Amino acid sequence: EDGEVIFDSGLVSSDDMFCIYKGREFQSGEIITWCVTLWDESGKSEKSENAVFEIGLLHSGDWKAKWICGINTDKEERLPADYYKKSFSVNSSIIKARLYATACGVYEARINGKRVEGYVLAPGCTEYEKRLYYQTYDVTDMIDSENNIEFIVGDGWFKGKIGSDSEEYFFGRQTKLLAQLEIFYSDGRKDIIATDHSFLWCNDGPIGYNDLKDGIEYDASKMPSYSCYAVETTYEVAPTATNSPAIKEHETFTPKLLQSPSGKNTLDFGQNLAGYIRFKVKGKRGNKLTIRMCEILENGEYCDKTFKTLPKRGKSINQQIDYILSGNNDTFEPNFFYSGFRYALVEGMEEVNPENFEAVAVYSSMEYVGDFKCSNGMINKFVENTIWSEKSNFVDIPTDCPQREKSGWTGDAQLFAKTATYFADTSAFFRKWLKDVRDCQREDGRVDNVCPKIRPVNQRDMLNGSVGWADAAIIIPYTLWKMYNDDSFIMDNYELMHGWKQYVMKASADKTIYHLSDGHPMKSMKHVIEKYLLPDSPYNKYIIESGLHWGEWAEPLDVFDCSDPMFLVAPKQEEAAAYMHYSMSMLAEMLRYIGKGDEAAVCEEYAIGAKKAYNFHFVKEDDIVTDRQAKLVRPLAFGLLDETAQKNVAKRLNDVAISREYKVGTGFLSTPFVLQMLVKYGYVDTAYKMLENTDEPGWLAMVANGATTVWECYNNFDKDGHCLGHSMNHYSPGAVCGFLFEKTCGINVDGKNKFTISPNPGGTLTFAKARYNSVYGEVVSSWTKEDGKYIFNIEVPSNTKATIILPDGQRYEVEAGKYQYYCTAFIDQLLQSN
Ligand code: BGC
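Source: prediction; values computed, not measured. (Residues numbered from 1 in each chain as written. Predicted model: local features only at pLDDT ≥ 70, side-chain atom pairs only at ≥ 80, totals over all residues. Heavy atoms only, no water.)

**Looking at the overall build of the chain**
Our working definition: Helix and strand assignments come from DSSP, with helices taken as H or I runs of at least 4 residues and strands as E runs of at least 2, each series counted from the N terminus. For a compact globule the rule gives 2.2 Å times the number of residues to the power 0.38, and the radius of gyration it is set against comes from C-alpha atoms. Only protein chains enter the accessibility calculation, which uses a 1.4 Å probe. A residue is then buried if its area is under 20% of the maximum for its type, exposed if over 50%, and partly exposed in between. Every residue pair with non-hydrogen atoms within 4.5 Å of one another is taken to be in contact. Areas reported as accessible are Shrake-Rupley estimates using a 1.4 Å probe. Residue values count occlusion only from the protein chains shown. None of His or the chain ends enter the tally, which takes Lys and Arg as positive and Asp and Glu as negative. Taken as the charge location is NZ of Lys, CZ of Arg, CG of Asp or CD of Glu.
Scanning the chain from terminus to terminus reveals 18 helices and 38 strands. A compact globule built from 834 residues should have a C-alpha radius of gyration of about 28 Å, and the chain, at 28 Å, falls within 12% of that. Buried residues in the chain amount to 59% of all 834 residues. Contacts in the chain between residues far apart in sequence, at least 24 positions, make up 73% of those at least 6 positions apart. Looking at the chain as shown, the accessible area adds up to about 33200 Å², and 49% of this sits on carbon and sulfur atoms. A distance of 2 Å separates the average location of the 91 positive side-chain charges in the chain from that of its 119 negative side-chain charges.

**Observations concerning the side chain of Asp400**
Position of Asp400 relative to the elements: it lies in the loop between strand S32 (397-398) and helix H3 (410-423). Those residues in contact with Asp400 that lie beyond four places of it in its chain are Asn393, Glu405, Lys406, Ser407, Trp409, Asp412, Asn729, His730 and Tyr731.

**Thoughts on a nonpolar patch on the surface**
Selection rule: Residues forming no salt bridge and having over 30% relative accessible area are the ones grouped into patches, like charges within 9 Å of each other and nonpolar side chains (Val, Leu, Ile, Met, Phe, Trp, Tyr) within 5 Å. Should a side-chain nitrogen of Lys or Arg be within 4 Å of a carboxyl oxygen of Asp or Glu, the pair is scored as a salt bridge.
A grouping of Trp34, Val36 and Phe53 is seen on the molecular surface, where their side chains present a nonpolar patch of about 250 Å² in accessible area. Along the chain, Phe53 turns up in strand S4 (residues 51-54). Taking relative accessible area as the criterion, Phe53 reaches 32% and is therefore assigned partly exposed.

**Topic: the packing of helix H10 (residues 573-593) against helix H11 (residues 597-618)**
What counts here: Each axis is a line fitted through C-alpha atoms, and for a helix only the stretch in contact is used; angles between axes span 0 to 180 degrees, taken between their N-to-C directions. Comment on the angle field: the value is read as roughly parallel under 35 degrees, roughly antiparallel over 145, roughly perpendicular from 65 to 115, and oblique elsewhere. Left-handed describes a crossing in which the near helix is turned anticlockwise from the far one by less than a right angle; the clockwise case is right-handed. Each residue receives one of three labels: charged for Asp, Glu, Lys and Arg, nonpolar for Ala, Val, Leu, Ile, Met, Phe, Trp, Tyr, Cys and Pro, and polar for the others, Gly being one of them.
Orientation of H10 relative to H11, taken along the N-to-C sense of each, is 155 degrees, at an axis distance of 8 Å. Looking at the two axes, H10 sits roughly antiparallel to H11. Considering only the axes of H10 and H11, their crossing is left-handed. Across the contact of H10 with H11, the residue classes tally to 16 nonpolar, four polar and five charged.

**Some thoughts on the site of the ligand**
We apply this condition: To be near a molecule or strand, a residue needs just one of its heavy atoms within 4 Å of it. Each polar contact in these results corresponds to two N or O atoms within 3.5 Å; when the atoms are within protein, one needs to be able to donate a hydrogen and the other to accept it, and residues that are neighboring in sequence are counted only if both atoms are side-chain atoms.
Residues in contact with the ligand, as listed here, are Asp400, Arg404, Glu405, Trp409, Asp412, Trp469, Trp550, Trp553, Phe668, Glu712 and His730. Between the ligand and Arg404 there is a distance of 2.8 Å, counted from an oxygen atom to a side-chain nitrogen or oxygen. Within the contact set of the ligand, an oxygen atom lies 2.9 Å away from a side-chain nitrogen or oxygen of His730. The protein chains hide 94% of the 310 Å² of surface that the ligand would expose on its own. Classifying every residue of the shell around the ligand gives five nonpolar, one polar and five charged.

**Here we look at unusual backbone geometry**
In this chain, Cys451 is followed by Pro452 through a cis amide linkage whose omega measures -10 degrees. Along the chain, Pro452 falls in the loop between helix H4 (427-440) and helix H5 (472-484). Look at the link from Glu696 to Pro697: it is a cis peptide, with omega at -10 degrees. Mapped onto the elements of the fold, Pro697 is located in the loop between helix H15 (684-692) and helix H16 (699-704). The phi torsion at Asn753 lies on the positive side, around 55 degrees, for a residue other than glycine. You can see Asn753 is positioned in the loop between strand S33 (747-749) and strand S34 (754-757). Its relative accessible area of 6% is what places Asn753 among the buried residues. Backbone geometry at Asp787 places phi at a positive 45 degrees, although glycine is not the residue there. Within the element layout of this structure, Asp787 appears in the loop between strand S36 (777-786) and strand S37 (789-805).

**What to know about the packing of aromatic side chains**
Put simply, the rule is: Stacked, edge-to-face and tilted are the three classes for Phe, Tyr and Trp ring pairs, Trp counted by its six-membered ring, which pair at centre distances within 6.5 Å; planes under 30 degrees apart are stacked, over 60 edge-to-face, the rest tilted. Geometrically, a lysine NZ or arginine CZ counts as sitting over a ring once it is within 6 Å of the ring centre and also within 35 degrees of the ring normal.
The tally for this structure, following the rule as stated, stands at 58 aromatic pairs. Aromatic side chains Trp783 and Tyr790 sit 5.8 Å apart centroid to centroid with 70 degrees between the ring planes, which places their arrangement in the edge-to-face category. Pair check on accessibility: Trp783 and Tyr790 agree, each one buried. In this structure, Arg431 packs its charged tip against the face of Phe489, placed 4.4 Å from the ring centre. Positioned above the aromatic ring of Tyr494, the side-chain terminus of Lys596 is 5.0 Å from the ring centre.

Right, here's the structure in full:
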């Protein structure tokens with residue numbers, strides 16, 4: 001800082017590539033410049049360019065600002081956006097100016113009429129009762145001698161509709177603002193402009209009703225009057241610095257104009273996405289323009305079935321912009337909402353010029369680090385669609401869908417986490433969300449299904465702690481620890497994982513149907529639920545049989561209908577035993593690693609006990625007799641079976657897949673593993689036939705149906721082409737893309753500075769290439785089929801090693817470098833031999 005070196009590691013002989021800073025802790029406001037020098041094996045060195053980071057306000061005492069609001073209300077009413085303003089002069093030369101800001105709601109700051117850039121939808125989505133982030137902006141270049149600083153505050157996650165029921169006022173009824181502008185002068189002085197009652201306030205500006213889901217009402221003919229003063233208020237949570245990748249605007253799309261059969265102007269942006277629409281418009285003052293966004297057209301017309309309402313519950317949702325023209329050349333800069341859409345219906349405008357509109361994709365700014373390409377263009381399109389579903393659903397929290405619920409469903413996040421990590425650097429994003437999960441954990445260790453929470457604790461509470469969903473508390477830290485070799489994922493989440501472990505142990509011991517107080521609506525179902533209890537065994541204490549659980553969820557309708565109301569009531573012992581084994585094994589490994597051997601031993605007891613329970617109840621004569629793919633994939637993937645059973649179950653999975661004509665039969669939980677298991681047990685041909693199948697239900701069937709994102713359910717249209725109303729932007733089925741990295745091209749991160757690369761060519765593919773810019777550097781694996789030969793090209797990054805295993809058994813231990821290998825056509829026979 002200021003030229004003073006505060007830490008110099010000197011030359012460290014180590015293969016560590018990150019987390020090497022061992023210096024002092026930093027202070028509020030410090031600006032730190034840093035660089036790294038790397039020496040190679042011949043002693044040649046190179047220094048990186050200087051990079052800079054700055055520390056925010058670390059202590060609550062650093063805040064001079066007061067929370068302010070407009071109308072002091074405790075009523076349930078949705079009000080127009082709040083506008084705040086203050087004028088100030090500056091008469092010395094400035095070295096730097098920083099704005100720190102947050103809101104209960106969503107906010108936007110403007111200095112001298114210009115938007116302060118860096119974040120949209122700030123302060124983002126957290127469990128506001130426990131945690132609230134502030135953002136820091138470098139506004140040095142925005143300050144003049146005479147200045148106006150303005151803030152607009154909307155409802156956002158804090159007050160607007162959230163979750164599957166579109167609950168309103170969940171965190172509060174009153175939006176609030178806290179902001180502090182710090183101006184540092186060259187003479188060493190510092191000014192602070194901090195929110196307090198001297199700020200002007202009004203709510204008669206252009207933005208009226210605004211809601212994250214519903215959209216916005218905007219009257220361009222209005223100017224904020226600033227006719228009142230803000231009121232000082234309080235909020236019990238001290239803000240902390242945002243530490244997740246900022247939500248920002250990214251790709252933009254100009255639409256094609258379509259005329260619907262009924263003559264309506266419809267814009268097609270060509271890509272389903274999460275974001276909003278920016279436009280330019282000129283027309284008569286007071287005229288109203290309405291833009292409704294949707295994911296699909298039905299018979300060529302606007303269709304809101306994928307988001308409007310959830311069957312039988314929840315408040316209705318509109319994804320809509322209502323815009324009143326000013327009579328001048330208007331430019332609409334959207335804020336305070338985002339929608340899931342590809343199309344937009346434009347009403348109230350005689351002539352629509354598509355060039356005046358653009359869709360803006362809005363999502364968390366993670367670095368996209370991986371890609372996959374192969375000779376089957378439809379697979380490539382599916383990969384692209386999966387990346388779009390990742391982008392659309394990584395908006396500060398991992399959501400299930402961007403149009404209907406926008407909720408942090410734990411199950412969806414855990415099953416997609418690894419695949420997501422091949423595509424993007426998810427470390428900071430998940431690190432933040434795991435805090436949300438921790439913030440939501442109950443005192444008894446139970447982990448909610450949706451984090452941050454979206455409904456009052458007493459609503460459908462029996463479903464919270466659902467197996468396979470709440471296990472995200474262990475699966476995600478484990479996955480990130482393995483992929484990023486960063487112990488802090490274990491240490492930071494130790495209490496979370498420990499709590500969840502305590503909870504599952506208690507829940508599996510308790511065979512009464514707990515959480516059913518007298519008068520609870522489910523109480524009348526008690527006798528039904530009890531009927532399902534497993535026959536006695538010495539291992540039942542390792543299986544959760546109480547509570548309600550989602551189970552495999554969303555298997556194709558012809559395999560299993562989970563819309564049957566009895567489906568949720570029926571216990572999910574098979575999933576429960578499997579996840580007990582899976583999660584407890586992971587936790588035991590992490591605990592041993594951090595030296596907590598005693599605790600690890602308890603987890604191991606449960607992991608082994610659950611495996612025995614699984615075999616006792618669900619495996620008969622070394623086999624599992626079912627044609628539900630999920631029930632065969634899970635025990636194989638989680639290592640629940642002994643050797644003979646593994647062979648039998650894998651063979652049955654293959655037979656079932658063939659007799660089902662290679663159509664996908666798995667639901668949410670086992671989709672990530674189905675192709676992996678087929679390949680692992682030698683059924684490469686079946687795996688690729690399933691992958692490449694374009695019949696419904698299947699991954700490529702979505703592509704064949706024109707999808708540009710991944711759908712929640714494989715079947716989303718009835719036989720007459722009517723939309724069934726499932727979301728068209730759920731990443732869960734896209735989890736299968738992990739297979740393309742790990743099996744097709746065979747890239748696996750195998751511990752510190754180490755990869756195992758074992759490609760598995762197959763199907764109609766004549767070429768495949770995966771690139772993954774891992775935390776250790778970029779690893780590439782590709783293969784081509786030429787004249788009956790396979791040529792493999794593999795790149796191993798500096799300072800790492802790899803074990804390369806080719807399909808014909810060739811095996812190499814290599815260091816960093818580029819390698820080429822051949823296999824003869826003989827492997828074709830090998831691959832087809834199943
Ligand atoms: C969501 C899911 C979620 C599920 C729970 C749905 O409404 O969209 O993705 O995991 O409920 O089963």
